[in-house]
Amino acid sequence: MPGKEFLDPCVDCRDADAALTLRRRRLCKDCYIKFVSYKVFKRMEKYRLNREGPRNTRCKLLFPLSYGLSSSVLLHMLHCQLETQRSKPHAPPGFDLEVLIIEPSTMYSVPQYDAGFDLVQKLFPLCTFTRISFHDIFDLVPDIQETMSHFAGDEFKDDTSKTNTERLSAFRSSITTATSKTDVDRALVTRLIVAFAKKTDSLAIIWGDSDSRLAAKTLANVAKGRGSSVTWQVADGMSPWGLEFNYPLRDLFTAELRDYAGFFPELTDLIIPDEQLSENTLTKNLSIDELMMRYVLTQGEKYPGVMLNVTRTANKLDVSQMPSNVSHCTFCGASMMNEQHNEFCYACARSRPALSS
Ligand SMILES: [Zn+2]
Ligand SMILES: [Zn+2]
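Description of the structure in this document. Quick caveat: nothing in here was measured; it's all calculated off a predicted structure.

Those protein atoms acting as donors to the zinc ion (ligand 2) are C329 (SG), C332 (SG), C345 (SG) and C348 (SG), and they sit at 2.3 to 2.4 Å. For the zinc ion (ligand 2), all donor residues lie on one chain, and their spacing in sequence is C-x2-C-x12-C-x2-C. Remark: C348 occurs in helix 15 (residues 346-351) and C329 occurs in the loop between strand 9 (327-328) and strand 10 (335-336); sequence separation between them is 19 residues. The pair C329 / C348 is uniform in exposure class, with both members buried.

Laid out in structure tokens, this is it:
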């Protein structure tokens, strides 16, 4: 019997009309989801098989969720993997996902997102969730108080009689330029997430950066003098914090993640659009990170291959090739090859309040 005729058949299954174009191929919804999910599945293989760990024990992975497009889509994909993994009786033990949320209202001027926290727990029941505040950094990273005081210099006095919220916001407002603010926030967030991952005995941190974000981060890091951190901030492998960093979305573009999210209304409900979290709208107030992200998003749509090349090249940087006896910046953890006697790396030093104005 001849098959059903389609006006615009999917090139993979030929059994449905195509819903959209993926890398010049017309695909139906199911084949699209399968294609993008497989890219992530391959990247998680190592943890699914967990060959290095003890037999029959799941390894624990920490997953920071920002409610942004990339991390929400990645969580959705990984949860589907967990469902499949748990439904097979003889499958390898695989991994557990410990999801960490830094409540966005403690970082940006947005309302507290309780609805989001309720929704993720309902959508992804196979994961465990913890919600913390940005200012919990004082409890989770005990030496941060001292590091902040040194970093901010004499002008800044940390008043421990104040609440942690007030102390953190006093420190953040001592940083003057948009680039330095984003840079410092990013270093603090990493410290907080790493501390939580260690507290929960996680083996690795699974970051939700898309290919576009990794390309933007690579370019921004070089522009900010953070070349030495490019390795662990965009490449898979060991970080200076003694935990593996992994970026399973590295083969997917932001536009592809947006299409994926479009197929799941529950994801659209959950995701906070990036624009809402970016307070500066005038180009002159944008940080280098935001500028690079805009550049990659606009140029990446025109020349996707170029952006892919940026991250592929950066991923070839091998963390294990770094000499092990170098000292590390006390603020951001970057290795300091030629700055052995300094406390802060070149890039962090440039973000310090006394110097960044
Ligand atoms: Zn199809
Ligand atoms: Zn540093």
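A sheet is described by the order of its strands in space; here six strands give the open sequence 5-4-3-6-8-7, paired in mixed fashion. In the strand order of this sheet, the two ends are held by strand 5 (128-132) and strand 7 (237-238), each with one partner. Note that strand 6 (residues 204-206) and strand 8 (residues 244-246) share three bridges and pair parallel. Each residue of the ladder has a partner; that of A204, found in strand 8, is E244. The strands touched by helix 3 (residues 114-123) are strand 3 (59-65), strand 4 (95-102) and strand 5; relative to strand 5, the strand with the most contacts, the crossing angle is about 165°. Helix 7 (residues 178-199) contacts strand 3, strand 4, strand 5, strand 6 and strand 8 of the sheet and is inclined by roughly 140° relative to strand 4.

This paragraph deals with the pattern of salt bridges. When the charged atoms of two side chains lie near each other, side chains of opposite charge can form a pair. Within this structure, the stated rule accounts for 20 salt bridges. One salt bridge in this structure joins R58 and D96, with 3.4 Å as the shortest N-O distance. Residue R58 is located in the loop between helix 1 (29-49) and strand 3, and its partner D96 is located in strand 4; the two are separated by 38 residues in the primary sequence. Residue R58 is classed as partly exposed on the basis of its relative accessible area of 39%.

On to unusual backbone geometry, then. Trans peptide bonds make up the majority, and among non-glycine residues the majority have a negative phi. Phi is positive for R24, close to 70°, though the residue is something other than glycine. Looking at the secondary structure, you find R24 in the loop between strand 1 (20-22) and strand 2 (25-27).

Bringing the coordination of the zinc ion (ligand 1) into the picture now. Donor atoms from the polypeptide that coordinate the zinc ion (ligand 1) comprise C10 (SG), C13 (SG), C28 (SG) and C31 (SG), at 2.3 Å from the metal. In this structure, the zinc ion (ligand 1) is surrounded by four donor atoms whose angles at the metal cover 104 to 115°, and the resulting shape is tetrahedral. Under the relative-accessibility criterion, C13 is labelled partly exposed at 33%. According to the relative accessible area criterion, C31 is buried, its value standing at 8%.

Attention now moves to the packing of aromatic side chains. Pairs of aromatic rings are described using the distance from one ring centre to the other and the angle between the two planes. For the structure shown, the criterion picks out ten aromatic pairs. Ring geometry for Y38 against F41: centres 6.0 Å apart, planes inclined by 25°, an arrangement best described as stacked. Here Y38 pairs with F41, and both are found in helix 1, just three residues apart, close to one helical turn. For Y38, a relative accessible area of 48% corresponds to the partly exposed category. Here the aromatic cluster, defined as three or more aromatic residues joined through ring pairs, consists of F151, F156, F171, F331 and F344.

Before going further, it helps to spend a moment on helix 3. Two residues of an α-helix separated by three or four positions point the same way, owing to the 3.6 residues in each turn. Among all positions of helix 3, only G116, F117 and V120 are buried. One side of helix 3 carries all its buried residues, which in axial view fall inside an arc of 100°. The exposed set on the far side of helix 3, more than 90 degrees from its buried face, consists of A115, D118 and K122. The secondary structure elements touched by the buried residues of helix 3 are strand 3, strand 4, strand 5 and helix 11 (265-270).

Our next topic: the pairing of strand 3. For strand 3, the tally of buried residues reaches six of seven residues, placing the bulk of the element in the interior. The pairing of strand 3 with strand 4 spans seven bridges and is classified as parallel. When the bridges of strand 4 are listed, F63 appears paired with V99. Crossover connection from strand 3 via helix 2 (residues 69-87) to parallel strand 4: handedness right-handed. Inspection of the sheet shows strand 3 paired to strand 6 by two bridges, in the parallel sense. Looking at the pairing, L62 lines up with I205 of strand 6.

Rules used in this analysis
Residues numbered from 1 in each chain as written. Chains lettered and ligands numbered in written order. Predicted model: local features only at pLDDT ≥ 70, side-chain atom pairs only at ≥ 80, totals over all residues. Heavy atoms only, no water. Donors = N, O, S within 2.8 Å, 3.2 Å for Na, K, Ca; no water. Helix = DSSP H or I, 4+ residues; strand = E, 2+ residues; numbered from the N terminus. Buried < 20%, exposed > 50% of the residue type's maximum accessible area, 1.4 Å probe, protein only. Pairing = 2+ DSSP bridges. Contact = heavy atoms within 4.5 Å. Axes fitted to C-alpha atoms, helices over the stretch in contact; angles between N-to-C directions. Salt bridge = Lys/Arg side-chain N within 4 Å of Asp/Glu carboxyl O. Tetrahedral: all angles 85-135°; square planar, octahedral: opposite > 155°, others 65-115°. Phe/Tyr/Trp six-rings, centres within 6.5 Å; stacked < 30°, edge-to-face > 60°. Arc of directions from axis to C-beta. Right-handed = clockwise from strand over helix to strand, strands pointing away.

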